[in-house]
Amino acid sequence: MTSARRILVAGGGAAGLCAAIAAAREGAQVTIIEKTDSCGKKLSMTGNGRCNLSNFEMSADAFNEDSKGRMKKWLGRFGVQQTVEFFTSLGLIIDNEDGYLYPITGQATSVVNVLVKECERLGVTFVYNEQLKKIIPTSSDNTPCFKVMTSKNEYEADRVILATGGLAGPKSCGATGDGYYICEQLGMKVKDTYPSLVPLLSEDETLPEKSGVRAYATVSFMIGDGVFASEYGEVQITSNGISGIPVMQASGLVAQHLSKNRPVTATINFFPYYDNDQFEQLIDKMLNLPGDRRLEDLLSGFCNSNINEMILRRMKLSGSMKAKNVGANMLKCILNTYRDVRIEISGVSDYKKAQVTRGGISLGDLSDELMYNKMPGVYVVGELCDVDGRCGGYNLQWAWSSGYIAGEAASCL
Ligand SMILES: Cc1cc2nc3c(=O)[nH]c(=O)nc-3n(C[C@H](O)[C@H](O)[C@H](O)COP(=O)(O)OP(=O)(O)OC[C@H]3O[C@@H](n4cnc5c(N)ncnc54)[C@H](O)[C@@H]3O)c2cc1C
C-alpha cells in the first residue's frame, strides 16, 4: 500500500484553502501553514464584508495583459460554473446580483467558514502562527521531495503549494509579500509589483476641500494627449485625489506609468451621456438663462454644487459674479470645462489601501498546472502570481481557479 501524498500549502487565504480542499478530496494528506492566527483574514474583508466571489461576466479580458493568453484555458478548467458548484458542494448558496456573485448570507465570513469546515472534514491539518521561510529540494532521484523550513519547525513534503498572497491590504491580514523572496530563492522570476485597485493621489489645489464629491462620470487617463484607459462609473473626488470603481480599475496601469516617470493626467467628463451636439444644445439653453442670476446660482441647476465650486476655483472666478457680466464666450468656456476636468495624478495610495497586487511571479515560469517548470512539485497560486483582475469578483475567481487546478494537480500528477 502506498502512503498518501504529503502536500504542504503555505498560506490559508482564498487560494490556499481552495487548493487544500482540492488536494484533500483527491486523498492527499494536506497541511496548511498559516502565518497569522487564523485563515481567510483578507477574504473576510472582501466586498465590503460581503465577498464578491466571482462574476458571471467572466472573460480573460478582465485580467492583466500578460495573463490574458493563458487565462482562457484556466477559466475553462475551473471557471465561474465550477466555482458555483464548488461552493454549493460546501453548502454555501450563491446569490447573483446583476452578474456579481455573493454568498446569499451577505457575509464574507460565511465563505471563510465553509472553506475551513470542509478542510476540517477532509482531515486537513492547520498550523497557525508559523511563517514559511524556505523550501529546500531534497530528493536524490526524480521524485520530488522537499524540506520546508518555517519560523518554528521543519517539515517534509512531497509537494508544496505557495499561496502566500501579495502585498495588497492591511498587514494584519498577512499581506507582507513573503512569497516573492521565497520564490526568488528558488530561481523564479518576480515581476515588479505595484498597488492596484487603489485610490489615486493628486496635489491639485482646486480639489474639493471638505468631504469631497461623488458623481457618475467618465474618467480617461492620459500620458500627454494619448488616452491609455477610459472608464465609466461613480467617481469620488476628495481633497487629496480621486477614487471610486472607475479610478480603481485603471490604477494598476497608472501606477506602472508613474513608476517609469511618465506624467499621468485624469480627464473627467461629468456629462458622459451627452454627445457633442446634445451638449452644444444644453450650452445654448444655459446661455439664454443668465438674467440677473449670480454665476453660482446659474450653475446650481446645471451640476452638483461641489463640482461647480471646484470648476469656478479652477477658472479663478467668484460664484457671486453676475453671470451676464462674465460674457457669453467665458460662460461657454466654463460650461465646456465640465466635460474636460484635467487632474494631474501625483501618485497612488499605498498597498494598505489596495485590493490587489499587480506583478509577481512570472507566468512564464509556471506550467498550465501552476507548477514551477524548473522544480517539479512546487506550485504557485493566487495573488502571488503575476495576475490581477478588474474589480468585481475577478481576483477571487483567480484565487479559486488557480488554487483548485494546482491542488488537484499536486495530488494527482
Ligand atoms: C479590502 C479588500 C477587498 C477585496 N474585495 C474583493 C472582492 O470583493 N472580490 C474579489 O474578487 N477580490 C477582492 N479583493 C482581492 C482578494 O481579497 C484577493 O485577490 C485574494 O484574497 C487573494 O487570495 P490569496 O489566497 O492569493 O491571498 P490572501 O487572501 O492574501 O492569502 C494569503 C495568506 O497567506 C498567509 N501568508 C503570507 N505569508 C506567509 C508565510 N510566509 N507563511 C505562511 N503564511 C503566509 C497570509 O497570512 C494569508 O492568510 C479584495 C481585497 C481587499 C484588500
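Each remark here, short or long, concerns the structure printed above.
Predicted, not measured: the structure shown is a model, and the values here were computed from it. (Residues numbered from 1 in each chain as written. Predicted model: local features only at pLDDT ≥ 70, side-chain atom pairs only at ≥ 80, totals over all residues. Heavy atoms only, no water.)

Quick word on the overall build of the chain
Right, so step 1: Scanning the chain from N- to C-terminus turns up 13 helices and 20 strands.
Right, so step 2: Taken along its principal axes, the extent of the C-alpha atoms in the chain is 95 × 45 × 35 Å.
Right, so step 3: When burial is assessed residue by residue, the chain has 56% of its 413 residues classed as buried.
Right, so step 4: Total accessible area on the chain stands at roughly 18300 Å², and carbon and sulfur atoms take up 47% of it. (Helix = DSSP H or I, 4+ residues; strand = E, 2+ residues; numbered from the N terminus. Buried < 20%, exposed > 50% of the residue type's maximum accessible area, 1.4 Å probe, protein only. Areas by Shrake-Rupley, 256 points an atom, 1.4 Å probe, with all protein chains shown as cover.)

With respect to the sheet that holds strand β12 (residues 200-201)
Right, so step 1: Pairing in this open sheet of 7 strands is antiparallel, and the strands run β17-β16-β13-β14-β15-β12-β18 from one edge to the other. One side of each edge strand has no neighbouring strand; the edge strands of this open sheet are β17 (341-345) and β18 (347-348).
Right, so step 2: Sheet topology note: the strand β13 (residues 213-223)/strand β14 (residues 226-238) ladder contains 11 bridges and is antiparallel. Counterpart to Val-219 in the pairing with β14 is Glu-231. (Pairing = 2+ DSSP bridges.)

Re the packing of aromatic side chains
Right, so step 1: Applying the stated criterion across every chain, the model contains 18 aromatic pairs.
Right, so step 2: Judged by centre distance (4.6 Å) and plane angle (10°), the rings of Phe-78 and Tyr-404 are stacked. In this pair, Phe-78 is assigned in the loop between α3 (65-77) and α4 (80-89) and Tyr-404 in helix α13 (residues 394-412), connecting sequence segments 326 residues apart.
Right, so step 3: Judged by relative accessible area, which is 6%, Phe-78 ranks as buried.
Right, so step 4: Every member of this aromatic cluster is reached through a ring pair, and the members are Phe-78, Phe-86, Phe-87, Trp-400 and Tyr-404.
Right, so step 5: Seen from the ring of Tyr-102, Arg-50 lies directly overhead, with NZ or CZ sitting 4.1 Å from the centre. (Phe/Tyr/Trp six-rings, centres within 6.5 Å; stacked < 30°, edge-to-face > 60°. Lys NZ or Arg CZ within 6 Å of the ring centre and 35° of its normal.)

Re the site of the ligand
Right, so step 1: Every one of the 31 residues lining the ligand counts as a neighbour, but Glu-34, Leu-132, Asp-178, Glu-383 and Leu-396 are closest to it.
Right, so step 2: Ala-14 has a polar backbone atom sitting 3.1 Å from an oxygen atom of the ligand.
Right, so step 3: The contact in question runs from an oxygen atom of the ligand to an N or O atom on the side chain of Lys-42, over 3.3 Å.
Right, so step 4: Counting only elements with at least two residues in the shell around the ligand, the list comes to α1 (14-25), α2 (46-49) and α13.
Right, so step 5: Broken down by element, the shell around the ligand gets its largest block of residues, 3 residues, from α13.
Right, so step 6: Here the shell around the ligand is composed, by residue class, of 9 nonpolar, 16 polar and 6 charged. (Near = heavy atom within 4 Å. Polar contact = N/O pair within 3.5 Å; in protein donor to acceptor, adjacent residues only side chain to side chain. Nonpolar A, V, L, I, M, F, W, Y, C, P; charged D, E, K, R; others polar.)

Observations concerning the state of the cysteines
Right, so step 1: Here the structure, examined in full by the defined rule, presents 0 disulfides.
Right, so step 2: Between Cys-145, a free cysteine, and Cys-412, which holds the nearest cysteine sulfur, the sulfur-to-sulfur gap is 19 Å.
Right, so step 3: Cys-303 supplies the cysteine sulfur nearest to Cys-333, a cysteine that is in no disulfide, at a spacing of 16 Å.
Right, so step 4: Judged by its relative accessible area of 37%, Cys-333 falls in the partly exposed class. (Disulfide = S-S within 2.5 Å.)

Thoughts on the sheet that holds strand β3 (residues 54-55)
Right, so step 1: Ordered in space as β3-β5-β4, the 3 strands form an open sheet in which the pairing is antiparallel. Because the sheet does not close on itself, it has two edges, and the strands there are β3 and β4 (94-97).
Right, so step 2: Pairing analysis gives 2 bridges linking β3 to strand β5 (residues 100-103), with the strands arranged antiparallel. Bridge pairing in β5 links Asn-55 to Tyr-100.

Points about a nonpolar patch on the surface
Right, so step 1: A cluster of nonpolar side chains, contributed by Tyr-216, Tyr-232, Tyr-273 and Tyr-274, occupies part of the molecular surface with about 490 Å² of accessible area.
Right, so step 2: Here Tyr-274 is to be found in the loop between β16 (264-269) and α8 (276-287). (Patch = residues over 30% accessible without salt bridge, like charges linked within 9 Å, V, L, I, M, F, W, Y side chains within 5 Å. Salt bridge = Lys/Arg side-chain N within 4 Å of Asp/Glu carboxyl O.)

Overview of the side chain of Glu-130
Right, so step 1: Relative to the assigned elements, Glu-130 resides in the loop between β6 (125-127) and β7 (132-137).
Right, so step 2: Looking at Glu-130, its side chain comes within polar contact range of the side chain of Asn-153, at 2.9 Å.
Right, so step 3: Those residues in contact with Glu-130 that sit more than four places away from it in its chain are Ile-33, Glu-34, Lys-35, Thr-150, Ser-151, Lys-152, Asn-153 and Tyr-155. (Contact = heavy atoms within 4.5 Å.)

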